[in-house]
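Structure assessment
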Amino acid sequence: MKAIRLRIYQNLVNYRKPTSFQLKETYPLPPYSTVSGMIHFVCGFEEYKEMDISVQGKYYSKVNDLYTRYEFAGTSYENGRHNIKIKSREINKKTGEEIDKYYGIIRGVATCELLVDVELLIHIKPKDEELVEVIYETLKNPKEYLSLGRREDIARIDEVKIVNVDEVEIEEDTTLEYDAYIPIKMFGIDDFNSNATVYNLNKKYEKVEVKKGTFIRQWEKVKVIHGVMNRNELAQEAVVYKDEDENLVFFA
Amino acid sequence: MKNPFLAKTENKETIIEHTEKLLERMEALKHIYSNIKNLDWNILELACLYHDLGKMNTKFQNKLIRKLRRVKEYTDEFPEDLQDEFTNMEEIPHGYLSPAFLPKDELKKKFSDDELRILYQSIYFHHSRKKLENHNELKRIVNEDLNKYIQDFKFDRIKSIEKLNESFIRYIKRRIPDQYDTPETIRQYIMTKGLLNKIDYAASGGIPIEVKNENLFEKTNTYLSSGGFKPNELQEYMIENQDKNNVIIASTGIGKTEASLFWIGNNKGFFTLPLKVSINAIYDRVVDKIKFGKENTGLLHSETSSEYLKRNNNELDIEYYDQTKQLSLPLTICTLDQLVDFIFKYEGYELKLATLSYSKLIIDEIQMYSPELVAFLIVALKYITELGGKFSIVTATLPPIFLDFMKEQNIVFNQPLPFYKKIDGKVQLRHKLKVFEEDINTDHIKKNYKNKKVLIIVNTVKKAQEIYKKLKLDLDNETEIKLFHSRFIKKDRSKKENMILDMGKLEIKRTGIWITTQVVEASLDIDFDVLYTELSDIAGLLQRMGRVYRNRDLKEGLVNIYVYVGKDKFPSGIGSGDQSIIDKDIFELSKQAILTYVGDEMNGKEIDEKVKMELVKQVYSKERLVESNYYKKIKETIKHVMDIKAYEFMKKEVNLRNIENQIVIPKNIYEENKEFIQNNLHTIQETSDYNKKLIAKNEIKEFTMSIPKYQYDEAKRNGYIQGDFIELDKYNKIPIISYPYSFEKGLTRPQKKLDEFDEDLQFI
C-alpha cells in the first residue's frame, strides 16, 4: 500500500497537552489530531478525510520558556481584577439602543515547555488512495509555511516521498530507532513489552450539539504507548509494517 | 591463544567441569526429593546445562586469565589475553549471554511459550546484575565474539552448537511474575529459578545440594524409648498427621520438641524458635541427646559462626558452615528471620521459597512474635503452602486471632483440641494465683522469701534495677539476691544465665531471690518456687508462670504466683507509645481477664493448664481485638507485604524488625580489658586466616551488648558516647558508652546529663 512519508525538523516546539494550564506541557511527539489538522489545513480540506497516521521522532532536550498569557473569559471589566480594559458595543435589551460595553483581560507571564531540535518521521495513509497524490503535491508546494504545534512552530520539511508500506515478520529482535506512538492493541504482549507511558491521544472529532445552538467537539481517542528509542524492543517474529526503506511504521 | 573456556579461577575450573558439578547435584536432589512439585526436571536440567555458557566471552575469559596468570603455577599456561575486539565496550554479564546458546527452534517444538519463558528467565536472571538498556551490544557480542568460539567448544552433553540465537527477548521481557501469568507458571518459575540458584551455589561452594534425612524419626523414637517412654497422645497425633499442616496447642512439658521431630520424620525440616538461646538449646539437644548428629543438623541465626566455634574447639568448619547457610542439611534449627524474608521478593528470593516447598516447617512459641513478625509469618505460610510446603505450629499459647488471619489467607490446616498434660486423667494443676491491684513492691516478698527460690519478673530493666536496689538494702545479709536482664555484656550474660539455670534446677536445694526481665520468659529451663511479676499480657504471664513449678503438681493451698496489675498507673514498660512492650489495649484486656477470673477469692485461685489457654483465647479473640492497634497492625502489615511487587527490593534492603539495635561496649569494661581488646584488633588486621579473624572478633564481642537504637541515641545526645570506637572492620564499629556498668547490676542509665550541674561534684 502507498503512503506519504514526511521528514520534518523543528527547532523549538510545543505539542500541547490539552489539560495543562499553569504550565503549558508538551507531548513528546505531535498527537495524531495535530498532524491530521496540519494536513487538512495545507490541503484545504473542508471536511474530514479519513487517514491512518504514524508518528515517530526524537528530540534533543526540553526547556521551559516564558510567554505572555492573555486570559480572557468574556467577563465585564472589573477594576483591580483585570489589567486590560477593552471597549466594545452592545445592544441594550430593554431600550434597544447601542451602548458601550467594557471587557476585562488579564495579561501576565506564564511558562511553556518546549522541545528542542525535534526530528519527526511521519507516515500518512489516506483511506482514499487518490488523495495520496494530492497530499504529496501540496506538501511539495505548500501555499504557505507549514507549522506543527503552535502556529509559530514552523516545520522545516526535509523530505516528502511516496513510499510502499508492507506487512512483514521481523527477523531479529529490533530496537526502536525513534520514539514512537505505538497503539497498545497493535502487538501481542510478548511481541512488544514496555513499561513506558501510555497516552490517550486525540485522533479526530465530531461536532455534537449538546443543547440547542451549542456544539462541542467530541473526540475519538487512541491509546498509545510512548515507545522509547534505544530502549524498547520488538521481538523476533512480531508482525509489523515497514516502509520500503526498512523504517517501522505504526499506523493508528 | 585459544579460549580456555574457564568458569572459575579456583582450581582453574572450566565451564564444562562446573556444569558437570551442577548436573551431579541436580541428580542427587532428584534422587533424595524425587517428588518435588511444580517442577519440570527437563527444564531444570536445560537450565543447569546452559546457564554458564555465556562465560566463554572474551572479556570474561580475559578476566580469569589475568587472575590466573598472577598465580605462579599457572603463569606459563596463560601467557597472553585473548584478542578483544570490543575494547570500548563494557563486559556483558554472562547470565545475559547464556540464553543465546539455547537451541531455540528445537525447544519450541517441545515446550510451550510459558515454559520457554521459565527456562530463558531462569538463566537470564540467575545473577542479579544491572539491567541492560537494550540488546544491541549483546547482539554484537553474540554474533561477533561468542560465534568465534563455538566450534572449539565440545561438550558431549549438548549437541554441537551450530548457531547462536541472539533474538530471545520474546521470552525475557515480560518478567515472571507478571499480571498475565497463571499461578502455575509463577510456581514453576520460582521452583526452576530457585533450584538452579541452589544447585549453582552448592556446586560453586563444593558442598552437597542436600543431605538425606536418613533416620530422624527412628532416632527420636529411640531417644524416647531409652527414657522408658512411648509416644504420647500428642506425639501419636503428629505421627499420624505427618503429611498435614497442623496447629497444635500443647501445655509445656508434654514433649513438644519430640512431637515436632516425629512430624518432620525422615524429611527435610526447619525448626524455628524466637530466641537464639532456645535455638542453641534445641540444637544441642538434637545433636547430643537425640543423637541426630551435627552432620545432619544445622544451627542458623545471626551468630551461627560463633556458636559453631564454641562447639568445635574454636575452629570453624567452613564446609559445615556453608552447608548450614545454603540450607542443605536435613534439619535446621533457626530463627524465623532467616527463613521468611523471602516474602519481600527481593532479587533471588526464589531460592528460599523453593527450598521450603519441599520442606517441613515447625514454628514454636508463636506468641512471642511482634504483630509485624506474625503478619510476615502468615504471608510466608501462605506462599509456602501454595508451593506444596508443610508447616506445623506447635505452641503452648496461641492467640486465636492468628488463626482468623490464616483462614482469611486460605491457608489450610488441621486444628486438633489442645493437648493438656494430665495427671491421673486430670488436667495438671501447677499454679495458684493471687492478684495485687497495686504497683509492684517488695512488701509481700519480704514476708515470703524464706527457704524459697523466688523469681521476680518485671517489664523493664530500669524497674528490675530499682527492685534489686531495694531488696539489697533490706535483705542483703539474709539471702542471695541476684539480678538478670538483657543489659549485660555477652560474657557476663552467659555467666548469669548459668547461675540462674543452676539455681533453677530442682535438685539444687539452695534458695534465693532472682530479679529479672522477660529475658527468662521462654528460653530458660528453670524451676523456681514462687513468682512475683508485673503483668504484661496474658500470654507473657503464662510464659512467666512456666518458670515456676515447671513440672511439679501444686501443693495443697499454696499460692505460688503473685501478679501486680498496677493501681493508678500502668506497670513499667506499658504505655500508649511505640516503645510500650505490649499493646495498651491488650494489657487492659489481660488485666480484666485476670481480675474477672480471680474474682473475690482473696486468698488466691487455682489455675490449671486448660483455664490458662482459655484465658488466652478470651483476650486474643477477634471480637475483642478488632478495634485494637494490635489487630490493625497485623492486618495492615499483611496487606502491605502482599502488595509488594517482585524485585522491588534488593536483599540487603530487607529488614524484618523495625526495632534497630546498636552494639556498644561499656567504658569501664573497655578500660579494664584494653590490652586484650587491642591485641585482638591487631590480630584482625594482620592475619589473613579467616578462622583466626573470626575468633578475635568473637573475643571482642564478648565484651559488648546490644541496646535499642533509641537508647543509644539518647546516650549520644547527653554526651555519654564520645568519639572513640572499636573498629572491627569497615562495617562494624563499636562505640564506647560511658554509662556505669557492673557484673552485679548490668548497664545502668545515670539520672543526670553529663553537662548538668551536679552538686556532689562541686564539693569534691
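Keep in mind that this is a model prediction, so the values were computed, not measured. (Residues numbered from 1 in each chain as written. Chains lettered and ligands numbered in written order. Predicted model: local features only at pLDDT ≥ 70, side-chain atom pairs only at ≥ 80, totals over all residues. Heavy atoms only, no water.)

This brings us to the side chain of A:Q10. Residues and elements named next belong to chain A. Position of Q10 among the secondary structure elements: in strand β1 (residues 2-13). Within the local environment of Q10, its side chain forms a polar contact with the backbone oxygen of L148, the two atoms lying 2.8 Å apart. The residues touching Q10, leaving out its near neighbours within four places in the chain, are Y15, D117, V118, L120, L148, D153, I154 and A155. (Helix = DSSP H or I, 4+ residues; strand = E, 2+ residues; numbered from the N terminus. Polar contact = N/O pair within 3.5 Å; in protein donor to acceptor, adjacent residues only side chain to side chain. Contact = heavy atoms within 4.5 Å.)

Further remarks concern the UniProt feature "domain: HD Cas3-type" (unreviewed entry) in chain B. Per the UniProt record, the feature "domain: HD Cas3-type" (unreviewed entry) sits at residues 8-202 of chain B. Taken end to end, residues 8-202 of chain B has its terminal C-alpha atoms 14 Å apart, with 52% of it in helix and 0% in strand. (UniProt positions renumbered as here; feature names shortened; annotations may be inferred.)

This brings us to the packing of aromatic side chains. Residues and elements named next belong to chain B. Inspection of the entire model under this criterion finds 35 aromatic pairs over all chains. Seen from their ring centres, Y33 and Y358 are 5.0 Å apart, and the 45° between their planes marks the pair as tilted. Residue Y33 is found in the loop between α1 (15-32) and α2 (41-50), and its partner Y358 is found in the loop between α17 (350-357) and β5 (360-364); the two are separated by 325 residues along the sequence. With centroids separated by 4.9 Å and ring planes inclined at 75°, the aromatic side chains of Y720 and Y739 adopt a geometry described as edge-to-face. One end of the pair, Y720, is in the loop between α31 (709-717) and β18 (721-729); the other, Y739, is in the loop between β19 (732-737) and β20 (741-742), and 19 residues separate them in sequence. Taken as a pair, Y720 and Y739 share a single burial class, namely buried. Three or more aromatic residues joined by ring pairs make a cluster, and in this case those are Y96, Y120, Y124, F125, F168 and Y171. Over the aromatic face of Y549 sits the side chain of R552, whose NZ or CZ is 4.1 Å from the ring centroid. (Phe/Tyr/Trp six-rings, centres within 6.5 Å; stacked < 30°, edge-to-face > 60°. Buried < 20%, exposed > 50% of the residue type's maximum accessible area, 1.4 Å probe, protein only. Lys NZ or Arg CZ within 6 Å of the ring centre and 35° of its normal.)

On to the packing of helix α1 (residues 32-43) of chain A against helix α2 (residues 130-140) of chain A. All names here are of chain A. Across the interface, α1 lies against α2 with an axial gap of 10 Å and an inter-helix angle of 80°. On the basis of the axis angle, α1 is roughly perpendicular to α2. Contact with α1, carried on its side by I39, V42 and C43, involves I135, T138 and L139 of α2 and no other residues of that element. When grouped by side-chain class, the residues that make up the contact of α1 with α2 number five nonpolar, one polar and no charged. (Axes fitted to C-alpha atoms, helices over the stretch in contact; angles between N-to-C directions. Parallel < 35°, antiparallel > 145°, perpendicular 65-115°, else oblique. Nonpolar A, V, L, I, M, F, W, Y, C, P; charged D, E, K, R; others polar.)

Time to look at the sheet that holds strand β17 (residues 705-708) of chain B. All names here are of chain B. In space, the four strands of this open sheet follow the order β17-β16-β19-β18, with mixed pairing throughout. A single partner strand is all that each edge strand has here, and the edge strands are β17 and β18. Mean inter-strand twist for the sheet, computed between neighbouring axes without regard to direction, equals 45°. Bridge count between strand β16 (residues 661-666) and β17: four bridges; the pairing is antiparallel. Residue N661 lies in a different strand from β17, and its bridge partner there is P708. Each of β18 and β19 is contacted by helix α30 (residues 690-701), which is oriented at about 155° to β18, the strand it contacts most. Its contacts with the sheet place α31 against β16, β17, β18 and β19, and it is angled at close to 90° to β17. (Pairing = 2+ DSSP bridges.)

Judged by nonpolar contacts, the single largest core of 195 residues is most densely connected at B:F391 and B:M406. Here B:M406 is in contact with B:V247, B:I378, B:L381, B:F391, B:I393, B:I411 and B:F413, once residues within four sequence places are set aside. Formed by 37 residues, the second largest nonpolar core is a distinct cluster that contains A:L6, A:V35, A:V42 and A:L120. (Core = buried A, V, L, I, M, F, W, Y, C linked by side-chain atoms within 4.5 Å.)

Residues and elements named next belong to chain B. Relative to each other, helix α29 (residues 674-686) and α30 sit at 155°, their axes nearing to 9 Å. Regarding the angle of α29 to α30, the classification is roughly antiparallel. Regarding α29 and α30, the two cross each other, and that crossing is left-handed. Contacts from F676, I677, N680, L681, T683 and I684 of α29 reach α30 at K693, A696, K697, E699 and I700. Its residues assigned to classes, the contact of α29 with α30 shows six nonpolar, two polar and three charged. (Left-handed = near helix turned anticlockwise from the far one by under 90°.)

Each side of the interface is counted separately: chain A has 16 residues, and chain B has 17 residues. Summed over both sides, the interface between chain A and chain B buries roughly 1600 Å², with carbon and sulfur atoms accounting for 35% of that surface. The three residues of chain A that bury the most area against chain B are A:D173, A:D190 and A:E233, which together make up 37% of that side's buried surface. With its nearest N and O atoms 2.5 Å apart, the salt bridge here joins B:K108 to A:E237. Counting across the interface, chain A meets chain B through 14 residue pairs in polar contact (both at pLDDT 80 or more). For the side of chain A that touches chain B, the secondary structure elements donating two or more residues are β8 (174-175) and β12 (233-234) of chain A. When the residues that make up the side of chain A that touches chain B are grouped by side-chain class, the tally is four nonpolar, five polar and seven charged. (Buried area = accessible area lost by both parts, 1.4 Å probe. Salt bridge = Lys/Arg side-chain N within 4 Å of Asp/Glu carboxyl O.)

This paragraph deals with the domain arrangement of chain A. Residue and element names in this part refer to chain A. The assigned domain composition of chain A is domain 1 (2-67 + 111-249) and domain 2 (68-110). Spacing between the C-alpha centres of domain 1 and domain 2 amounts to 39 Å. Contacts between the two partners involve six residues from domain 1, matched on the other side by five residues from domain 2. When domain 1 packs against domain 2, close to 420 Å² is buried across both sides, 46% of that on carbon and sulfur atoms. Joining domain 1 to domain 2, the criterion identifies one residue pair in polar contact (both at pLDDT 80 or more). (Domains from an automatic or database assignment.)

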